[in-house]
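Each chain is listed here by its residues.
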Amino acid sequence: MVLWLVAGTGAHAADNELTVAIETDVRGFDTVDGGVLGQTGEIVMRAIQEPLVRWNPSTNEAEPLLATEWETNDDQTEWTFKLRDDVTFHDGSKFDAEDVAHHYNRILDPENKSRSRTFIASIENVEAVDPTTVKFHLAHPWQALLPYLATTSMSGPIPSSDAVDAGTQNRAPVGTGPFKFVEWSSGDRIVVEKNPDYRDADEIKLDRITFRILPDTQTRFASLKSGEVDVIWTDRGPTIVEAKEDPDIVTLTSEGAGAAINLLNGKKEPLSNPLLRKALAHAWNQDALVQISWQNTRPAVTHPLGPVMDCGEANYRHFDIEKAKELLEQYKAETGKTEIPNIVMIHTATPRGRELGEIYQQTAKAAGIPIELQPVDQSTLVKRVFTNDFDISGWRIADGADMGPQLFAYVAPGSSYNLTGFDDPKLADLAMEMRTATTMEERLQKQCDMVSIMNDDGGLLYRGGGRYHAFTRPEVKGVPAPYRGVVDVTRAYIEE
C-alpha cells in the first residue's frame, strides 16, 4: 500500500483537490440498508447530504439550514418548519416537504427496521403541509428534537426520495450538499466533486474531495507527513502524541460527550448473571487503557454526558480485583459452579482492538476470569453485536448535542440498541420520564439517574470519554475542530 501511495499523484495536484484519509469503509448511505454510519461515514455524509438544521456547538442551539424557521405549539407536540425554496438535489429534482416527510416516515415505519428508529421514536409522523412547510407530530414534548434533526448521522441528512425509491441511495447517494457523489471503490476510496448548483457555491473552494480508506493508523500518519493526504482522523494515542509535537502538522482538538465502551451481553449465558457482569466490571481497568492505548489523549470517565452535565461517580464500578474476586465467589455459591466459564471477547483486528482485548484479558485473568479473544473485521463485529452473537465487544456511545436519545435506545425494552439486555423496570420508567421531560434541567438530571443504574448493572463499561483529534497539513485551511469526532472538510481550501 505504501508503494502505491508513493507512486500516485499528490494529494491536491492538478485540480483543487483535498485528500482525506479515513479509517474504515462506509457500510452504506441509506438509512435502512446502510444501518449505521460511524464517524468515518459521517465525514463523507457531511459533504453529500444536509439535515434540516445546523447545530452550533458554541451556542448549543439550532440554526437554519434546509429549514429557514420553525415554531411549536403550546404543549410542544407539533413543530412546524418552513423550508428553503431554492434547493435542488444532485439529480436535478427539487427539494421540498415531501422529501422530508418521506425520509422520516420511512425511518419511523417499524416494517423497515431502521436502526435510527429508536432514537427518534418520539416523533409519531411527519406531514408535508405544502411544498415549503413540513410538520412534525410528536407523541410528547421532546427536548431532543432540534439536536436530532441537526445530526449528520443516518436520521438527520435528507436524501433524494427518488434515489431512495429507486434503491440506489445506499451505494450512490444523492443529496443537497455542496459535493456530488462520483465514485466508490470499496476498501479504497470514495470520491465527490463540487456541486455547481449548490445555493452557496461561493463558499465551496474545493473542486474535488477524495476520501482514502486507510485502516492502518501509521499508514495514514505517514501519508499525511509525506503530503499524500491532507487531512486525517485518528484516535490512536501514539500517533496523536507524535503529531502534536510535529511543527509541520496542524492539530485540531475538541472536547465532547459520548464514550468508547465495552458491551457485556446480558441477554444470554453466561453474562445474563448479574454477579458475573459486575465482577467483570470491577476487573476492567479503564485507567490502564487510557494510559496505554490512548496515552492520556482521552479522559477516563464515569458517565457519557461530557461537559454539559457532571453526574459525579454515578455508581461507577472502579477497577478493583479484590471486589471482582468477591463477586465471583458469590457467583459460584449462587450457581453451584466450581469454575468460571470461558468468556469470548470480539474486537477489531486493529492495533487499538488488540490492545483493548489484551488489557481486558490480563486484568480479568488476575481476577480469575478466562477471556478468549477473537479478532474480527469491523463489519463482522457490528453484525455479531446486532445479532446477539457475542459475550463482550468493543463499541462506542456516539457523541451528540443531547445524549438522551442514545441513553434511551440503550435501555428501552425492545430497542434494537438495547445491546446488553437492560430489563430493569425502574430504569425503563426513568428513561421515559427523561424522554418526556419539559425542561432541559430535569432532562439532564434524569440522564444522570439513568447512568447510575446502568453503571451499577455492569453491562456497559467505559474506556475513555469524548475528546477528539484530527490533523491537517499547514496549507489546509477552513477545517474546524472535529465536533462530535467528525471532521468537516466541506469549507476547506488550500493556501499554497
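What counts and what doesn't
- Residues numbered from 1 in each chain as written.
- Predicted model: local features only at pLDDT ≥ 70, side-chain atom pairs only at ≥ 80, totals over all residues.
- Heavy atoms only, no water.
- Helix = DSSP H or I, 4+ residues; strand = E, 2+ residues; numbered from the N terminus.
- Buried < 20%, exposed > 50% of the residue type's maximum accessible area, 1.4 Å probe, protein only.
- Polar contact = N/O pair within 3.5 Å; in protein donor to acceptor, adjacent residues only side chain to side chain.
- Contact = heavy atoms within 4.5 Å.
- Phe/Tyr/Trp six-rings, centres within 6.5 Å; stacked < 30°, edge-to-face > 60°.
- Salt bridge = Lys/Arg side-chain N within 4 Å of Asp/Glu carboxyl O.
- Disulfide = S-S within 2.5 Å.
- Pairing = 2+ DSSP bridges.
- Axes fitted to C-alpha atoms, helices over the stretch in contact; angles between N-to-C directions.

A.B. asks: Give me the lowdown on the side chain of His140, citing residues and values where you can.
C.D. replies: With respect to the secondary-structure elements, His140 resides in the loop between strand E7 (133-138) and helix H5 (145-149). Judged by relative accessible area, His140 falls into the buried class, the value being 12%. There is a polar contact of 3.1 Å between the side chain of His140 and the side chain of Ser122. Setting aside residues no more than four positions away along its own chain, His140 makes contact with Gln76, Thr77, Ser122, Arg435 and Thr436.

A.B. asks: Talk me through the packing of aromatic side chains; I want residue IDs and the actual numbers.
C.D. replies: Counted by the stated rule, this structure contains 13 aromatic pairs. Judged by centre distance (5.9 Å) and plane angle (35°), the ring pair of Trp70 and Phe81 falls under tilted. Taken together, the positions of Trp70 in strand E4 (residues 67-72) and Phe81 in strand E5 (residues 78-83) put the pair 11 residues apart, joining distant regions of the chain. Judged by centre distance (5.3 Å) and plane angle (70°), the ring pair of Tyr104 and Phe136 falls under edge-to-face. Here Tyr104 is found in helix H3 (residues 97-108), whereas its partner Phe136 is found in strand E7, with 32 residues between them in sequence. Of the two residues examined, Tyr104 and Phe136, each falls in the buried class. Feature note: the residues Phe119, Trp142, Tyr148, Phe386, Trp395, Tyr410 and Tyr417 constitute an aromatic cluster, connected by ring pairs.

A.B. asks: Before we move on, can you summarise the pattern of salt bridges with the specific residues and values?
C.D. replies: Counted by the stated rule, this structure contains 23 salt bridges. Two residues, Glu255 and Arg467, come together in a salt bridge whose shortest N-O distance is 2.8 Å. Taken together, the residues Glu255 in strand E12 (residues 250-264) and Arg467 in strand E16 (residues 460-472) connect sequence positions 212 residues apart. Notably, a salt bridge pairs Lys446 with Glu433, separated by 3.0 Å at the nearest N-O pair. Of the two residues, Lys446 sits in helix H16 (residues 440-457) while Glu433 sits in helix H15 (residues 425-435), which places them 13 residues apart along the sequence. When salt bridges with common partners are traced through the structure, they connect Glu23, Asp235 and Arg352 into a single cluster.

A.B. asks: An account of the state of the cysteines is requested, with residue identities and associated values reported.
C.D. replies: Applying the stated rule across the entire model yields 1 disulfide. Disulfide pairing is shown between Cys311 and Cys448; the S-S distance is 2.0 Å. Classification of the bridge connecting Cys311 and Cys448 rests on its S-S torsion, roughly -80°, and on that basis the disulfide is left-handed. Of this pair, Cys311 sits in the loop between helix H10 (286-292) and helix H11 (321-335) while Cys448 sits in helix H16, and the two are 137 residues apart along the sequence. For the pair shown, Cys311 and Cys448 are each scored as buried.

A.B. asks: Account for the sheet that holds E5, with residues named and values stated.
C.D. replies: Taken in spatial order, the 4 strands line up as E4-E5-E7-E6 in an open sheet, and their pairing is antiparallel. Only two strands of the sheet have a single neighbouring strand rather than two, namely E4 and strand E6 (123-130). Averaged over all adjacent pairs, the angle separating strand axes in this sheet is 20°, with direction ignored. Bridge analysis of E6 against E7 gives 6 bridges, and the strand direction is antiparallel. Bridge pairing links Val126 to Phe136 in E7. Packing against the sheet, H3 makes contact with E5, E6 and E7, and its axis sits at approximately 165° to E6.

A.B. asks: Kindly report on the environment of Arg84, identifying the contributing residues and their values.
C.D. replies: Among the structural elements, Arg84 can be located in the loop between E5 and H3. Residue classification places Arg84 among the partly exposed residues on the basis of a relative accessible area of 23%. Taking the C-alpha atoms as reference points, Arg84 and Pro370, separated by 286 residues in sequence, lie 58 Å from one another. In contact with Arg84, not counting residues within four places along its chain, are Leu65, Leu66, Thr68, Phe95 and Arg199. Here the side chain of Arg84 touches Asp86 through a polar contact of 3.0 Å, side chain to side chain.

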